[in-house]
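Results of the structural survey
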Amino acid sequence: GIEFIDSYVFNRVEHIRFNSTVGRYVGYTELGLKNAEAWNKGPQLGQEQGELERVCKHNADLHYRAILDKT
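Residues numbered from 1 in each chain as written. Predicted model: local features only at pLDDT ≥ 70, side-chain atom pairs only at ≥ 80, totals over all residues. Heavy atoms only, no water.

**Side note on the nonpolar core**
The line we're drawing: As used in this record, nonpolar core signifies buried Ala, Val, Leu, Ile, Met, Phe, Trp, Tyr and Cys residues forming a set joined through side-chain atoms within 4.5 Å. Type-normalised accessible area, obtained with a 1.4 Å probe on protein chains alone, sets the label of each residue: buried when under 20%, exposed when over 50%, and partly exposed for intermediate values. Numbering of helices and strands runs from the N terminus; a helix is a DSSP stretch of H or I covering at least four residues, while a strand is a stretch of E covering at least two.
Judged by nonpolar contacts, Phe 4, Ile 16, Phe 18, Tyr 25, Ala 36, Trp 39, Leu 45, Leu 52 and Cys 56 together constitute the single largest core of nine residues. At the level of secondary structure, the elements contributing two or more residues to this core comprise β2 (13-19), α1 (30-41) and α2 (43-70).

**What to know about the packing of aromatic side chains**
A ring pair, where both rings are aromatic, is described by two values, the distance of the centres and the angle of the planes. We apply this condition: Here the aromatic set is Phe, Tyr and Trp, taking the six-membered ring for Trp, and pairing holds for ring centres within 6.5 Å; pairs whose planes are under 30 degrees apart are stacked, those over 60 apart are edge-to-face, and all others are tilted.
A complete count under the given rule lists four aromatic pairs for this structure. With centroids separated by 6.1 Å and ring planes inclined at 55°, the aromatic side chains of Phe 4 and Phe 18 adopt a geometry described as tilted. Highlighted residues: Phe 4 in the segment before β1 (5-10) and Phe 18 in strand β2, separated in sequence by 14 residues. For the pair formed by Phe 4 and Phe 18, the shared burial category is buried. One aromatic cluster is present, built from ring pairs that chain together Phe 4, Tyr 8, Phe 18, Tyr 25 and Trp 39.

**Concerning the pairing of strand β3 (residues 24-27)**
Going by this rule: In this analysis, strands are considered paired if DSSP registers two or more bridges between them.
For β2 and β3, the ladder comprises four bridges, and the chain directions are antiparallel. Paired with Arg 17 across the two strands is Val 26, which belongs to β3. If you look at the hairpin formed by β2 and β3, you'll find four residues sitting between the two strands, and Gly 23 has a positive phi there, around 85°.

**Let's talk about the sheet that holds β2**
Stated formally: To obtain an axis, a line is fitted to C-alpha atoms, over the contacting stretch when the element is a helix, and the angle between two such axes runs from 0 to 180 degrees between their N-to-C directions. In what follows, residue pairs with any heavy atoms lying within 4.5 Å of each other are defined as contacts.
Within the open sheet, the three strands sit side by side as β1-β2-β3. Their pairing is antiparallel. Edge positions in the sheet fall to β1 and β3, since each of these pairs with one other strand and no more. For this sheet, the mean inter-axis angle between neighbouring strands, taken without regard to orientation, is 20°. Alignment of β1 against β2, held across six bridges, turns out to be antiparallel. In the sheet register, Ile 5 faces β2, and the bridge partner there is Asn 19. Here α1 sits on the sheet and contacts β1, β2 and β3; the angle it forms with β3, its principal contact strand, is near 165°.

Okay, here's the thing in structure tokens:
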């Protein structure tokens, strides 16, 4: 399966992450926890899930076909 991770980092500290396996945002700092709670209830969650479909799965299919064509 494909896993899509979108991390939000500031000053080398990861504050929040969307992980498609988990299916929601997870916060790692005080601010990240607050944002994760809000983003999981808002339109951001659907947008991230759309990126998995739009970008990751499409590109994975292209790369997989390219590998098969070379073998």
